Amino acid sequence: MKEKDGFIDYPDQQIILYVEKEDGQYGPIQTGSYLSANFMNDFLHKRKNLEAGLRGQLIAGKISPVRFYMVMEDLTLQELSARSGIRQSRIKKHLDPVSFGKVTADELNHYASVFNIPAANLLQVTLIFTNDEFQSNVILENKAKNISVTQSATQNPYVVLTKIEERK
Amino acid sequence: MAAHCESGTLTSLLNYAGLEISEPLVFGISSGIFFGYFHKTKAFSFPTFIVRNKPGQMRKNIEKRLGVKFSTYTFNSPDKGMAKLDEIIPQNIPTACQVDFFYLDYVPSWERVHINAHFMTVIGKEGNNYVISDAYFPTIMQLDTGSLEKGRFAGGNMSPKGFMFHCKTIPQTIDFESAIKKGIKKACFNMLSIPIPFLGVKGIRMFAKKVVEWPEFARDTEHLSHEIMKINILLEDQGTGGAGFRFIYATFLQQAAEIIHKPQLKDLSQQLMIIGDGWREISLFAARIGKNRDLGQEKLRQLGDMIHDRADVEEDFFKNLSKAIN
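Small disclaimer: the values here were computed from a predicted structure and weren't measured. (Residues numbered from 1 in each chain as written. Chains lettered and ligands numbered in written order. Predicted model: local features only at pLDDT ≥ 70, side-chain atom pairs only at ≥ 80, totals over all residues. Heavy atoms only, no water.)

A few words now on the domain arrangement of chain A. When the domains of chain A are assigned, the result is domain 1 (3-32) and domain 2 (37-166). The distance between the C-alpha centroids of domain 1 of chain A and domain 2 of chain A comes to 38 Å. (Domains from an automatic or database assignment.)

With that out of the way, let us pick up the pairing of strand β2 (residues 26-32) of chain A. Residues and elements named next belong to chain A. Counting buried positions along β2 yields 5 of 7 residues, so the element is predominantly enclosed. Where strand β1 (residues 14-20) lies against β2, 7 bridges are found, and the strand directions are antiparallel. Looking at the pairing, valine 19 lines up with glycine 27 of β2. Counted between consecutive antiparallel strands, the loop separating β1 from β2 contains 5 residues, among which glycine 24 sits at a positive phi close to 90 degrees. (Buried < 20%, exposed > 50% of the residue type's maximum accessible area, 1.4 Å probe, protein only. Helix = DSSP H or I, 4+ residues; strand = E, 2+ residues; numbered from the N terminus. Pairing = 2+ DSSP bridges.)

It is worth spelling out helix α5 (residues 88-95) of chain A at this point. Residue and element names in this part refer to chain A. Of all the positions in α5, only Ile91, His94 and Leu95 are classed as buried. Viewed end-on, α5 has its buried residues packed into an arc of 105 degrees, placing them on one side of the element. Facing away from the buried side of α5, by more than 90 degrees, are the exposed residues Lys92 and Lys93. Close packing links the buried residues of α5 with α3 (65-72), α4 (77-84) and α6 (105-115). (Arc of directions from axis to C-beta. Contact = heavy atoms within 4.5 Å.)

All right, on to the packing of helix α10 (residues 263-291) of chain B against helix α11 (residues 297-325) of chain B then. All names here are of chain B. Running from amino to carboxyl end, α10 crosses α11 at an angle of 165 degrees, the nearest separation of the two axes being 10 Å. Comparing their axes, α11 and α10 come out roughly antiparallel. Crossing of α10 over α11 shows left-handed handedness. Considering only residue class, the contact of α10 with α11 consists of 17 nonpolar, 5 polar and 4 charged. (Axes fitted to C-alpha atoms, helices over the stretch in contact; angles between N-to-C directions. Parallel < 35°, antiparallel > 145°, perpendicular 65-115°, else oblique. Left-handed = near helix turned anticlockwise from the far one by under 90°. Nonpolar A, V, L, I, M, F, W, Y, C, P; charged D, E, K, R; others polar.)

Residues and elements named next belong to chain B. Sheet architecture is open: 6 strands sit in the order β3-β8-β4-β5-β6-β7, paired in antiparallel fashion. Lying at the two open borders of the sheet, with one neighbouring strand each, are β3 (69-73) and β7 (141-144). Strand-to-strand twist in this sheet, taken as the mean axis angle between neighbours without regard to direction, amounts to 40 degrees. Where strand β4 (residues 95-99) and strand β8 (residues 164-169) come together, 2 bridges link them in antiparallel fashion.

Right, let's talk about the pattern of salt bridges for a bit. Taken as a whole, this structure holds 23 salt bridges over all chains when the rule is applied. Between A:Arg83 and B:Asp100 there is a salt bridge whose closest N-O contact spans 2.7 Å. On the criterion of chain membership, the pair formed by A:Arg83 in helix α4 and B:Asp100 in the loop between β4 and β5 (118-126) is interchain, its members lying in two chains. Across this residue pair, the class does not change: A:Arg83 and B:Asp100 are buried. B:Glu227 is paired through a salt bridge with B:Lys230; the nearest N and O atoms lie 3.3 Å apart. Within this pair, B:Glu227 and its partner B:Lys230 are both found in helix α8 (residues 221-237), separated by 3 residues, close to a single helical turn. Overall, the relative accessible area of 4% leaves B:Glu227 in the buried class. When salt bridges that share partners are traced, they join A:Asp42, A:Lys46, B:Glu222 and B:Arg293 into one network. (Salt bridge = Lys/Arg side-chain N within 4 Å of Asp/Glu carboxyl O.)

What follows concerns the layout of surface pockets. In this structure, the second largest pocket occupies an estimated 340 Å³ of space. For the second largest pocket, the lining is made up of 16 residues, of which A:Arg67, A:Met70, A:Val71, A:Leu75 and B:Arg219 are closest to its centre. Of all the elements in the fold, those that place two or more residues in the lining of the second largest pocket are α2 (34-59) and α3 of chain A. Of the residues contributing to the lining of the second largest pocket, the split by class is 8 nonpolar, 4 polar and 4 charged. (1 Å grid on protein atoms, 1.4 Å probe; cavity = no way out; pocket = protein on both sides within 12 Å on 5 of 7 lines; lining within 4 Å. Points joined across faces, edges and corners; volume = space filled by probe spheres on them.)

Contacts between chain B and chain A engage 51 residues on the former and 43 residues on the latter. Here chain B and chain A share an interface that buries about 4,100 Å² over both sides, 54% of which is from carbon and sulfur atoms. Counting across the chain B and chain A interface gives 3 salt bridges. At the boundary of chain B and chain A, one finds 18 residue pairs in polar contact (both at pLDDT 80 or more). When residues of the side of chain B that touches chain A are traced back to their parent elements, those giving at least two are α2 (23-29), α8, α9 (246-259) and α10 of chain B. Of the residues that constitute the side of chain B that touches chain A, the class distribution is 20 nonpolar, 16 polar and 15 charged. (Buried area = accessible area lost by both parts, 1.4 Å probe. Polar contact = N/O pair within 3.5 Å; in protein donor to acceptor, adjacent residues only side chain to side chain.)

Right, let's talk about a positive patch on the surface for a bit. Together, B:Lys64, B:Lys182, B:Lys185 and B:Lys186 give the surface a local cluster of positive charge. Here B:Lys182 shows up in helix α6 (residues 176-192). (Patch = residues over 30% accessible without salt bridge, like charges linked within 9 Å, V, L, I, M, F, W, Y side chains within 5 Å. Areas by Shrake-Rupley, 256 points an atom, 1.4 Å probe, with all protein chains shown as cover. Lys, Arg positive; Asp, Glu negative; His and termini not counted. Charge placed at Lys NZ, Arg CZ, Asp CG, Glu CD.)

This brings us to empty space enclosed by the protein. Residues and elements named next belong to chain B. Enumeration over the complete set of coordinates arrives at 2 cavities of 30 Å³ or more. By volume, the largest cavity amounts to about 50 Å³. If you go around the largest cavity, the residues you meet are Pro47, Thr48, Phe49, Trp214, Glu227, Lys230, Ile231 and Leu234. Mapped onto the lining of the largest cavity, the elements with two or more residues apiece are β2 (48-52) and α8. Element by element, the count of residues in the lining of the largest cavity is highest for α8, at 4 residues. Taken domain by domain, the lining of the largest cavity gets at least three of its residues from each of domain 1 (5-169) and domain 2 (176-325).

See below:
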């Protein structure tokens, strides 16, 4: 690849690309990601659709919160089991919205740690009103212009501190 | 910045320790170039492929072939793993850590995926934050203790177990000619001779054949579109230097030709650059059909044919490379 063909103007995601320079030597250039520069909107659109579809099923009681995050984070049953330390047979039960009721607080914390969310978020859905619609805070890019929602851990492993504040 | 996290991290540690070496040389000497296709595994929710050797193998090969020594550590306890890092960092020893990419807060959320094989270098600590040099980011980043600990001690496939390493000794003299030849021979073996049907050139052929079956694994068209477009990410964006490491390996061959005085390697580097352009066409084709949701059997067969063509040219290429080095 020639150097002139490799350059993409996209500062938000920079990569190193090896190209043929004008003197015939091969070497690195710092450039933008072609995919992000040209297809980012499509990528985010699909992600938002996936989240909205799963959220609809979650709210309708068709899937459990564990299934919701497992699909969102592209984890297999085996991976989730290895990461959470919870047996696969037990996770299978927790994928069902009714059997999810048998989950223990300790297991919730294990799941939450893998999903990198507060355990409380496995029992609630938080929506932010922005761009004329309610959007999920699972997608961090869904930030309201005038409201900020932050969640932080506390000394109590089962309690999360949620702060909702006006942006100045 | 560097093209790839592992070769980039190794290069920066070696440079810091006083050994002048480029990332392409590190990549080539460590036999980084590879191909593997995984159609059905319990670890991945969808068929996928790799274009580099096993994570951690680059460091092992560099140690073996250059005679460099690294101090390496793994831990059963996160507390001990973080304490050891805190003991080393104040001594001004940059230390590479293996982490799950998902827990790195400085990565935009849409880029975060659970991959336990990311390498980055911890270069300092300010308060509760570690100062990070990450090959994929143009500026120095900061990461809080909790996130780093989660990343270092994530479970699952290729769990890092707190793995970290730093440079211990660099030998007085290094036989680069021998290291380069060994690196190339092993790469040729990996691409041509491993008797497993989904690895090396055979793996590229399996990918070409199986990609038409991908719709069977997809939840819906948007999911299939996402996975097809990930071909572009795996070949271009996920730290390969372009064309699934083919461009950086071509650069290695050009540099190696000068070092070991073998002009045939320069010709081969030009051939590989052209082969890489073909991989890039596949990336762009995959991105385009994914974006347009043009994912019928005919288009997937076309994609498969393009991939199959890469298998044929790479088989010839690695056979010629093997002859040139023997």
